[in-house]
Amino acid sequence: MYVLVINAGSSSLKYQLLNMTDESVLAKGLCERIGIDGRLVHETDKGKHTADHAMPDHGAAMAIVLDSLLDANHGVLKSKAEIKAVGHRVVHGGEAFAASVEITAEVEAAIEAVSELAPLHNPPNLTGIRACKQHMPGVPQVAVFDTAFHQTMPEKAYLYAIDYALYEKYKIRRYGFHGTSHKYVAAQGAELLGRPQSELKIVTCHLGNGVSLCAVDKGVSVDTSMGMTPLEGLAMGTRCGDIDPAVVQFIMEKEGISAQEAGDLLNKKSGVLGISGVSSDFRDLCAAAEGGNLRACAAMDVFAYRVAGYIGRYAACMNGLDAVVFTAGIGENDCGIRERVCAYLTWFGVSIDPAKNAKRGEALDISAPDAKVRVLVVPTNEELVIARDTKTVLKL
Ligand code: ADP
């Protein structure tokens, strides 16, 4: 039984076709530069196929995805009808969605209604949903929200200390993101430890271009570092994370820039890119730091210090800590960052084995044998969670 997973961004559309009988990936790919010119990268076990195609909009990109899946040479399907369902990543579900749902007209309207909380993300997600409706009419579709896993947070974790009327009027509060990833790696982590989630306090660290940490107590999200938008919390590739809110007004006045320009500055030109002036990519940063670039060193120091600080905060919030789980591009691959973060946490009983920490690409407990708090590396798989949820919601 085949499920197509779609992750539509403003100018891109990522896809994965999974066979849910054995959860294998039949094909995956990416349409990029939608609305500009258009480029397709399509991968199957037969190899990688890349091509330039005109993609004026997401509808055109979706047609190209389906053509690729059906292609005589690099395709994997005989007919479109083999796709039994489509699962979509939807970034913001606001307070309306605490779980994945089948997409109906009402659900589509509700996703649209929370779009003002995620103006960069929800509109392209909706475009992806509509493109699938257009090309696969009648095929059921499911929305899987980045925010849903965090809807279990208590009020004390999600309320901002601002006028309560602003929460009531505009729903300004912490929502959190990367929920699909946090939920998956917390469950995988518990499995790796051979213990039920019901007896574990875990901090999951999703360290990719976007960075967020989550306090998972008994399998439930009780706090997370991203806020109303994915700008809050840790220092990220290009996002500033936590900052004194007064800085925003100060910069706007000093630089004579608009609110929109200030938003762009904090979202796109800050984080480790902003500090280092080198790159948002940790491989470039690491190379620059090794070459003696002091700002690259400072950027990596800020990054690791904040991750460690948030782990400590969540250990306090949960009144305990059994395991720390690292995931996503940096968390899975950068042993240097893991080592730096863990060096701050020895007081908690964290101790890692350098030989295990040097390994890559597999789920692993990298703790020293006597460590009180376990440290795990777990590759995330958001597409698999979306496909599983799609299957479950539709009772396939
Ligand atoms: P996204 O949030 O876009 O899904 P990823 O999870 O792919 O991001 O993470 C991207 C980050 O992972 C980049 O900063 C990249 O430098 C880092 N990364 C990927 N591979 C490595 C590696 N081998 N060593 C260090 N960092 C890596």
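Quick note: structure is the one above.
Residues numbered from 1 in each chain as written. Predicted model: local features only at pLDDT ≥ 70, side-chain atom pairs only at ≥ 80, totals over all residues. Heavy atoms only, no water.

Draft legend 1. Fine view of the site of the ligand. For the ligand, the set of nearby residues contains 13 residues, the closest of which are N209, D281, F282, G329 and N333. For the ligand, an oxygen atom lies 2.4 Å from a polar atom in the side chain of D281. Relative to its free-state accessible area of 580 Å², the ligand is covered by the protein chains to the extent of 71%. Every element with two or more residues in the shell around the ligand is listed here: α10 (282–290) and α12 (328–333). (Near = heavy atom within 4 Å. Polar contact = N/O pair within 3.5 Å; in protein donor to acceptor, adjacent residues only side chain to side chain. Areas by Shrake-Rupley, 256 points an atom, 1.4 Å probe, with all protein chains shown as cover. Helix = DSSP H or I, 4+ residues; strand = E, 2+ residues; numbered from the N terminus.)

Draft legend 2. Here's a closer look at the sheet that holds strand β12 (residues 323–327). Across the sheet, which stays open at both edges, the six strands sit in the order β11-β10-β9-β12-β14-β13 with mixed pairing between neighbours. Edge positions in the sheet fall to β11 (220–224) and β13 (364–365), since each has one partner strand and no second. Across five bridges, the pairing between strand β9 (residues 201–207) and β12 is parallel. Among the inter-strand pairings, H206 is bridged to a residue of β12, identified as T327. The sheet contacts of helix α11 (residues 294–318) involve β9, β10 (211–217), β11 and β12, and relative to β10 the element is tilted by about 20°. (Pairing = 2+ DSSP bridges. Contact = heavy atoms within 4.5 Å. Axes fitted to C-alpha atoms, helices over the stretch in contact; angles between N-to-C directions.)

Draft legend 3. Structural view of α11. Under the 1.5 Å per step criterion, the end-to-end length of α11 is 36 Å for 25 residues, consistent within 8% with the ideal 36 Å. The N-capping residue of α11, defined by a side-chain oxygen 3.0 Å from the backbone nitrogen of R295, is N293. (Expected span 1.5 Å × (residues − 1).)

Draft legend 4. Molecular detail of the packing of α11 against helix α13 (residues 335–343). The contact between α11 and α13 brings their axes to 8 Å, and the two run at 55°. Taken together, α11 and α13 sit at an angle that is classed as oblique. In the packing of α11 onto α13, the handedness of the crossing is right-handed. Contact residues: α11 offers C297, M300, D301, F303, A304, V307, A308 and I311, while α13 offers I337, R340 and V341. Its residues assigned to classes, the contact of α11 with α13 shows nine nonpolar, no polar and two charged. (Parallel < 35°, antiparallel > 145°, perpendicular 65-115°, else oblique. Left-handed = near helix turned anticlockwise from the far one by under 90°. Nonpolar A, V, L, I, M, F, W, Y, C, P; charged D, E, K, R; others polar.)

Draft legend 5. Quick look at the pairing of β11. Bridging between β10 and β11 involves four bridges; their strand directions are antiparallel. From the neighbouring strand, A215 faces β11, where its bridge partner is D223. Hairpin connection from β10 to β11: two residues lie between these consecutive antiparallel strands, with K218 at a positive phi of about 55°.

Draft legend 6. Structural context of the environment of A186. Position of A186 among the secondary structure elements: in helix α6 (residues 179–193). Between the alpha carbons of A186 and A60 there is a distance of 37 Å; along the sequence they are 126 residues apart. When residues no more than four places from it in sequence are discounted, the contact partners of A186 are Q197, I202, T204 and V216.

Draft legend 7. Layout of the packing of aromatic side chains. Summed over all chains, the structure comprises seven aromatic pairs. Seen from their ring centres, Y305 and Y344 are 5.8 Å apart, and the 65° between their planes marks the pair as edge-to-face. With Y305 in helix α11 and Y344 in the loop between α13 and α14 (354–357), this residue pair connects regions lying 39 residues apart in the sequence. Assessed through its relative accessible area of 53%, Y305 is described here as exposed. Every member of this aromatic cluster is reached through a ring pair, and the members are Y158, Y164 and Y167. One residue, K171, lies across the ring of Y167, its end atom 4.9 Å from the ring centre. Above the ring of Y158, the side-chain terminus of R173 is found at 3.7 Å from the ring centroid. (Phe/Tyr/Trp six-rings, centres within 6.5 Å; stacked < 30°, edge-to-face > 60°. Buried < 20%, exposed > 50% of the residue type's maximum accessible area, 1.4 Å probe, protein only. Lys NZ or Arg CZ within 6 Å of the ring centre and 35° of its normal.)

Draft legend 8. Broad picture of the environment of Y175. Note on placement: Y175 falls in the loop between α5 (164–170) and α6. Between the alpha carbons of Y175 and T147 there is a distance of 5.9 Å; along the sequence they are 28 residues apart. Within the structure, Y175 has its side chain in polar contact with the backbone oxygen of K171 (distance 2.7 Å).

By themselves, these observations are geometric and do not establish any function.
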